[in-house]
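# Residue-level structural notes
Residues per chain, in single letters:
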Amino acid sequence: MIRRLHRRHGPSRRQLAGFTVFAVLGLAAAACSSSPAASGGSSGGHVTISVDCAPPASSPVQHKEWLADVAIFEKQNPNITVNSVFENPCEVPASFTAMLRAGSEPNLFYTYFTDRNQVLDAGQAADITSYVNTKTVPTLKDIEPTALAAVTAGKTLYGLPTVNYTQGLVINRALFKQAGLNPDQPPTTWAQVEADAKAITKLGQGIYGYGDYSAGNNGGWHFSSEIDAEGGHMTNAAGSAAAFNSDQGKAILQALHQMRFVDHSMSPTQQLAWGTLQKQMAANKLGMYIAAPDDIYNVIVPQDGGHINDYGMGPIPSTSGTPAGSLSGGNDYMFAKHDTPAQIEAGIKWMNFEYLTPGTGQFNFVRQKADGFPVGFPEPQLFTGATLAKYQKLQDASATVNPDFYSTFANAHELAMGEPADAQAVYKTLDPVMLSVLTNPNANITQLLATATTQVNQILANSG
Amino acid sequence: MAELATLRQAGTLSPARSRAGDRLAAKVRRNASAHGFLIGAVLCFAFFSWYPICREIVLSFQKTQLGVTSWAGWANYHRIFHDPTFWTAWKNTAEFTVLALIVGYAVPFLVAILLNELRHAKGYLRCLVYLPVMLPPTSALLLFAYFYDPTYGLFNDILRHLHLPVSQWVQSSGTGLPSMAMISVVIAATWMNMGGATLIYLAALQNIPGELYEAAELDGAGLLRKIRHITIPQTRLILSMLLLLQIVATMQMFVEAFILTNGGAGVNNNTLSVVNLIYQYAFALSGASNYNSASALGVVLMLVLATFSGAYLWLTRDREATR
């Protein structure tokens, strides 16, 4: 009776505790739900934009330069605040895909050229066509057409490019000298690569002449690059069927298999993804591998501790010695679907300042030299015409890199080839082919290419 | 309550209905705190388990193109069933499960029996056995990735010192049953996880009355007969439950192969598991990746595991009932 009376007077402690738990959970659930638009926007003429791929504090000099650029930009544009999202690497496929699914991208988000279809399929890119013109982006007419095409669908522009590259053969000049080879004449044919790789491997002490990827979609990516150099193709012109099961494809895989199992000039450790060969190169344990020049100035020297004068580049190898083309690629920033018009305008101003104007932001060569970064690489190949001339002049004035080390690469004027349809899916399917060729002494190249062809055809058929 | 009283006074409720209402109100009052506590758990499950499961089923019948989501019928299921790697992934998953059961189920049981028999350094050895569980899985697997490295790895170094042929370990190209690559994954997985199972077995062993062993010894039973006739029957319930949990866990193998093989597929896809394939559909294929096919495969895996778990529980319950 006492208990019942007590209950009539109010909730018991247990009830209170139960309701408290409920209320706390309810509040927590409410707090968890926020719309992406709530994080930015404009009020009273002031605009806030969030931008990812800002260098984190773990890369102190790049971090300092970024913060300095933000400060300069905000001073020039007092109505704009840049909220930096610090991260490295700039894109991790799993979280990138999840971000697109949730629609929680920053106002300006970093993508690879190969991501365009995925972003558009997710419906997460804003149409910026009407905002971009020669007034808002003065260098617009001089931006490499292939780079602009990578962020365009039909006639609609969804982003602005920041880096554009073709690949070549990165060589370790120090090991070339030790092996009695001429580092000023990097090999251009696969036969020369094989011979030089053998000579370098003879140095012993865990040094190998040549390296290549076979994991993380990077194996297929390199295979694609190598087949472009041979004049072959990954897919047909319509992008509807695989075309790599060809003499060119077989020749490349045969050359790799030869180096791995006959010459033993490639390491038994395979299944390597991006980041591993750079470390081997920086530690002077690797003679050659295929890459774009930014591997040297962004990774091997500043991150992995390599010495700038130990590296050089030649054109991408081919059977003839004159590459028919080289896989081009690059990165860009796309604008999120939830951006307001004011945020798009502010974002374009930021892109123009940080990425698309020689002399400022990523092209502030005077500051790069003062901060000890190597200057003078033949990349990024972002401009043509008058802007390229201005860019070249500024770069030459601060150059710290010996251009002779890269002359054969630069003089090859490799024809930039676009990436295949559904590039990442195609690359992923070719990873096992590369891995098998580099780990299985009895790999059946014809069979491997036939299986991969079936798989790629299915991917292309399903991607619609 | 006030409303009930008002309605009763107005004669709109019959005495019988009024008593039923009273009983209901009393019932609600009596269980209010229980419901209060329960609702938290229900909300958590609803948000983090039931909603994602329902969403996964819905997604598996949809497709998204150019930001527009539409119904796709069975297209996603058609796609996964016609993927050449689909059956490879199931074969590998079954291979891992069987190997993990042979090694990962028996080894902790034997280690637990040994620990139980020891008279000295028991606590120290228990700590030693449990230590790998405390290591973050990624760190443990990266450690094994180094051990398995064909050029610089510890295992090949040992083999070289013993003048034995070296192995490619996880990078082996064989696809036979069992493959060296999968055995390597199982060894690492067992090392990582056996501590937890060992402690559970040990707790079960320590609950077996000592008199049973004493009586068996008087009857002249050796170690193996004691294990067969006392230890196994006495720990049958724990063994049975751990078997179910282990099979469900091993069928969802992901992180082991993913880290050891730098992506999960291995040479000739010889370590590609079903969950790895789900990951590839959802995340690794970029332009062609889609959550829809990943969801379809997730639903298939869920159905297989649910059917297996249901059948297993039904069979074991049935056996208990007949005893």
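Bear in mind that the values here come from a model prediction, so they are computed numbers and not experimental data.

Our next topic: the overall build of chain A. A tally of helices and strands in chain A yields 18 helices and 13 strands. Along the first, second and third principal axes, the C-alpha atoms of chain A reach 95 × 55 × 45 Å. Within chain A, the proportion of its 464 residues that are buried is 49%. The contacts of chain A with a sequence gap of at least 6 include a subset with a gap of at least 24, amounting to 77%.

Helices and strands together make up the secondary structure of chain B, namely 14 helices and two strands. A compact globule built from 323 residues should have a C-alpha radius of gyration of about 20 Å, whereas chain B, at 27 Å, is more than 25% larger. Taken along its principal axes, the extent of the C-alpha atoms in chain B is 100 × 75 × 35 Å. Within chain B, buried positions represent 33% of all 323 residues. Long-range contacts, defined here as pairs at least 24 residues apart, represent 63% of the contacts in chain B between residues at least 6 apart.

Once that is clear, we can look at the domain arrangement of chain A. Residues and elements named next belong to chain A. Domain parsing of chain A yields domain 1 (42-166 + 329-398) and domain 2 (169-328 + 421-463). Summarising the inter-unit geometry, the C-alpha centres of domain 1 and domain 2 are found 29 Å apart. Taken together, the contacts link 13 residues of domain 1 with 13 residues of domain 2. Tallying contributions element by element places strand E7 (residues 159-166) first for the side of domain 1 that touches domain 2, with four residues. For the side of domain 1 that touches domain 2, the per-class residue count stands at six nonpolar, six polar and one charged.

Once the domains are mapped, chain B shows domain 1 (2-52) and domain 2 (83-322). Here domain 1 of chain B and domain 2 of chain B have C-alpha centroids that lie 48 Å from each other.

Let us look at the nonpolar core. Core analysis: the biggest nonpolar cluster contains 155 residues, and A:Val170, A:Tyr289, A:Phe335, B:Val185, B:Leu260, B:Ile278 and B:Leu297 have the highest contact counts within it. Looking at which element gives the most residues to this core, the answer is helix H17 (residues 423-439) of chain A, with 10 residues. When residues no more than four places from it in sequence are discounted, the contact partners of B:Val185 are B:Phe96, B:Val170, B:Glu256, B:Ala257, B:Leu260 and B:Thr271. In this structure, B:Phe109, B:Ala112, B:Leu115 and B:Ala204 belong to the second largest nonpolar core, which totals nine residues.

With that settled, consider helix H11 (residues 236-251) of chain B. One turn of the α-helix equals 3.6 residues, which is why residues spaced by three or four share an orientation. All names here are of chain B. Look at H11: 22 Å from first C-alpha to last across 16 residues, which is about the 22 Å you get at 1.5 Å a residue. The complete set of buried residues in H11 reads Leu242, Thr250 and Met251. Down the axis, H11 shows its buried residues gathered within 155 degrees of arc, on one side only.

Right, let's talk about the sheet that holds strand E9 (residues 208-210) of chain A for a bit. The strands making up a sheet associate through backbone hydrogen bonding, with each pair oriented either parallel or antiparallel. Residues and elements named next belong to chain A. With respect to topology, four strands assemble into an open sheet ordered E9-E10-E8-E11, the strand pairing being mixed. Unpaired on one side and paired on the other, E9 and strand E11 (311-315) mark the two borders of the sheet. The mean inter-strand angle of the sheet, taken between neighbouring strand axes irrespective of direction, is 25 degrees. In this structure, strand E8 (residues 168-172) lies alongside strand E10 (residues 286-291), joined through four bridges in antiparallel fashion. Bridged to Val170 within E10 is Tyr289. Docked against the sheet, helix H8 (residues 190-201) engages E9 and E10, running at close to 165 degrees with respect to E9.

All names here are of chain B. If you trace the backbone, Gln252 turns up in the loop between H11 and helix H12 (255-260). With 16 C-beta atoms packed within 10 Å, Gln252 lands in the partly exposed category. Spatially, the C-alpha atom of Gln252 lies 17 Å from that of Ile102, the residues being 150 residues apart in sequence.

Definitions and limits used
Residues numbered from 1 in each chain as written. Chains lettered and ligands numbered in written order. Predicted model: local features only at pLDDT ≥ 70, side-chain atom pairs only at ≥ 80, totals over all residues. Helix = DSSP H or I, 4+ residues; strand = E, 2+ residues; numbered from the N terminus. Buried ≥ 20, exposed ≤ 12 C-beta atoms within 10 Å, placed from the backbone. Contact = placed C-beta atoms within 7 Å. Rg over C-alpha atoms; globule rule 2.2 N^0.38 Å. Domains from an automatic or database assignment. Nonpolar A, V, L, I, M, F, W, Y, C, P; charged D, E, K, R; others polar. Core = buried A, V, L, I, M, F, W, Y, C linked by C-beta atoms within 7 Å. Expected span 1.5 Å × (residues − 1). Arc of directions from axis to C-beta. Pairing = 2+ DSSP bridges. Axes fitted to C-alpha atoms, helices over the stretch in contact; angles between N-to-C directions.

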